[in-house]
Amino acid sequence: MVKLIASIASLLVVLALANVAQADSLKSSQFSVVQELKIQKNDEIKVTNKLQDDDLLTCNIKSNAAFSGWPDMKAPCINSMRKQIQKEIFASTQYLAMAAHFATDTVNRPGFAEHFIKAAKEEREHGAKLVEYLSMRGQLTDTVNNLIKVPTVDVSKWTGLSALEAAFKLETEVTNSIRALIKTCEGTAKNGEDNDYHLVDYLTGVYLEEQLTGQRDLAGKITTLEKMMDSHGELGEFLFDKNL
Amino acid sequence: MKYFIVFALVAGLCALAQAQEQSCQVDVRSACGTNGGVSNCNARYAAIGHLEGKLQNYIQLQLKKSYEYLLLATHFNSYQMNRPGFQKLYQGLSDRAFDDTIELIRQVTRRGGSVDFSKPHQHGAAEVPEVHLNELESLARALDVEKELTTGAIHVHTSATHSSNENREHDPEMAHYIQENFLSKQAKSVRTLSGYANDLAKLVSVKEPSLSVYLFDEYLQKQ
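Residues numbered from 1 in each chain as written. Chains lettered and ligands numbered in written order. Predicted model: local features only at pLDDT ≥ 70, side-chain atom pairs only at ≥ 80, totals over all residues.

## Some remarks on the overall build of chain B
- Assigned secondary structure in chain B consists of seven helices and zero strands.
- Counting across all 223 residues of chain B, residues that qualify as buried make up 39%.
- Considering only contacts in chain B between residues 6 or more positions apart, those separated by 24 or more positions represent 69%. (Helix = DSSP H or I, 4+ residues; strand = E, 2+ residues; numbered from the N terminus. Buried ≥ 20, exposed ≤ 12 C-beta atoms within 10 Å, placed from the backbone. Contact = placed C-beta atoms within 7 Å.)

Below, the structure written as structure tokens:
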């Protein structure tokens, strides 16, 4: 038994040393906090760590309150909301890729680049607002960690026109996906029992509104650029970019 | 006549040397004559070829951390955590990392580089971030993330300044950019988070730390 305790103690010392050695490496201070908590539990084991014995951390921070269980939103609706959030983040990253392409010196379309940077920020904002909405409705108390994944997106040698068309297609997909989300959150019960009226109203009034005005804006831009390119080719794109 | 031949030879050699030295002007000249491209007309110079990939990694790291902070903010925004101060702190860090992502894209493209978003991030792309943490653990985590972001900036800076390899060129512009826009800012955020972590660690070393955490959250709200 004594041997066992001694071996545990020596293991901890080794761990502590390794920890100091990896001070710069990832998760170091988090690791040390966790370790300090462990040490505190084994009162009899004295490890010369940077903290004094009296200053040892206590692990009695209450994380989750007693008040829980708020049966409100329905599972299919929540799952679709989560997917929608990831879609907004995907769109944001796709626009970042387009912005990076147009900002390249050999492409040199600063107007397009700024347009897509703005679009990327907007999409991220849309995603964040949906996340906030879920929190407001009592969701996201757990399983937050897998809510958003940074996606990899398509890259290609876009021209001004092909990028606007790709953006229009992407926006159309997002619009359709919001429509499907609304349908899911309206529920199936005839008496409207599982109809999430508030979320449906929010998605229809705020999100669809933004999507539709956004699509109109893109469609207008495509038309103008197409006409300019038709008569003046490269000069058309050059001038369009400067006024974007 | 002899002098003329020598002169012609020297001139010919010079022309040959100039043609071998890839330049925009040569490209443009040949493009006007035949149908060659102007691929040497670019904004690339100094160590950009060497730094491009490192910057791409750094950009993807910033983007990843931006969303990690967003999830951390979300975690503290739930009714069961209800810590608006912590939420504000992490939301701020998330927004900053996203803005930094965009600024870095601008810098890479300013130097003639490009960014490829079709490749996943080198380190742990599929790795699920840790966000279900208590207040103190979250500060420790954030401090580690800030240090990771600092290390990323230092990595780029080191590659830009230390031309230990003979093929590697010195890149003062990039070094200056990183120094001015990242290193001082990172030093500040690392210091702030370390201060928070140490403060809270002291505050919670009582039997019932709930009130301490509540007051600390209130303090964070005012920052």
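That shown, we press on.
## Description of the overall build of chain A
- A count of helices and strands for chain A gives six helices and zero strands.
- For chain A, the α and β elements follow one another from N to C terminus as α-α-α-α-α-α.
- When the 244 residues of chain A are sorted by exposure, 30% land in the buried category.
- Pairs at least 24 apart in sequence give 66% of the contacts found in chain A among residues at least 6 apart.

## Considerations on the interface of chain A and chain B
- Taken together, the contact pairs 45 residues of chain A with 49 residues of chain B.
- For the side of chain A that touches chain B, the secondary structure elements donating two or more residues are α2 (28-41), α3 (75-103) and α4 (110-136) of chain A.
- Of the residues contributing to the side of chain A that touches chain B, the split by class is 20 nonpolar, 17 polar and eight charged. (Nonpolar A, V, L, I, M, F, W, Y, C, P; charged D, E, K, R; others polar.)

## Some remarks on the packing of α4(A) against helix α6 (residues 197-243) of chain A
Residues and elements named next belong to chain A.
- Where α4 meets α6, the axes come as close as 13 Å, and the angle between the chain directions of the two elements is 170°. When the axis of α4 is compared with that of α6, the two are roughly antiparallel. Facing Pro110, Gly111, Phe112 and Tyr133 of α4, the residues of α6 in contact are Tyr202, Asp241 and Lys242.
- Grouping the constituent residues of the contact of α4 with α6 by class yields four nonpolar, one polar and two charged. (Axes fitted to C-alpha atoms, helices over the stretch in contact; angles between N-to-C directions. Parallel < 35°, antiparallel > 145°, perpendicular 65-115°, else oblique.)

## Structural notes on the UniProt feature "binding site: Fe cation" (unreviewed entry) in chain A
Residue and element names in this part refer to chain A.
- The UniProt record marks Glu88, Glu123, His126, Glu171 and Gln211 with the feature "binding site: Fe cation" (unreviewed entry), using the residue numbering of this structure. Considering the C-alpha atoms alone, the annotated residues occupy 124 residues of sequence yet fold into one spot, their largest mutual distance being 12.5 Å.
- Relative to the assigned elements, Glu123 resides in helix α4.
- We classify Glu123 as buried; it has 24 C-beta atoms within 10 Å.
- When neighbours within four sequence positions are excluded, Glu123 is seen to be in contact with Glu88, Ala91, Ser92 and Tyr95.
- Mapped onto the secondary structure, Glu171 falls in helix α5 (residues 160-186).
- Beyond its immediate chain neighbours, meaning those up to four positions away, Glu171 contacts Gln211, Gly214, Gln215 and Leu218. (UniProt positions renumbered as here; feature names shortened; annotations may be inferred.)

## Some points on the confidence of the model for chain A
Residue and element names in this part refer to chain A.
- Averaged over all residues, the pLDDT of chain A is 82; the fraction at 70 or higher stands at 72%.
- Across residues 17-27, where pLDDT falls below 50, the model places 11 contacts with residues more than four positions away in sequence or in other chains.
- A low-confidence stretch, residues 37-56 (pLDDT under 50), is modelled with 22 contacts involving residues beyond four sequence positions or located in other chains. (pLDDT = per-residue confidence, 0-100.)

## Looking at the environment of Leu161(A)
- In this structure, Leu161(A) sits in helix α5.
- For the pair Leu161(A) and Asp241(A), spaced 80 residues apart in the sequence, the C-alpha separation amounts to 11 Å.

## Structural notes on unusual backbone geometry
Residues and elements named next belong to chain A.
- The phi dihedral of Asn108 falls on the positive side, at around 50°, and the residue is not glycine.
- You can call Asn108 partly exposed: it has 14 C-beta atoms within 10 Å.
- The phi dihedral of Thr143 is positive, around 45°, even though this residue is not glycine.
- Locating Thr143 in the fold gives a position in the loop between α4 and α5.

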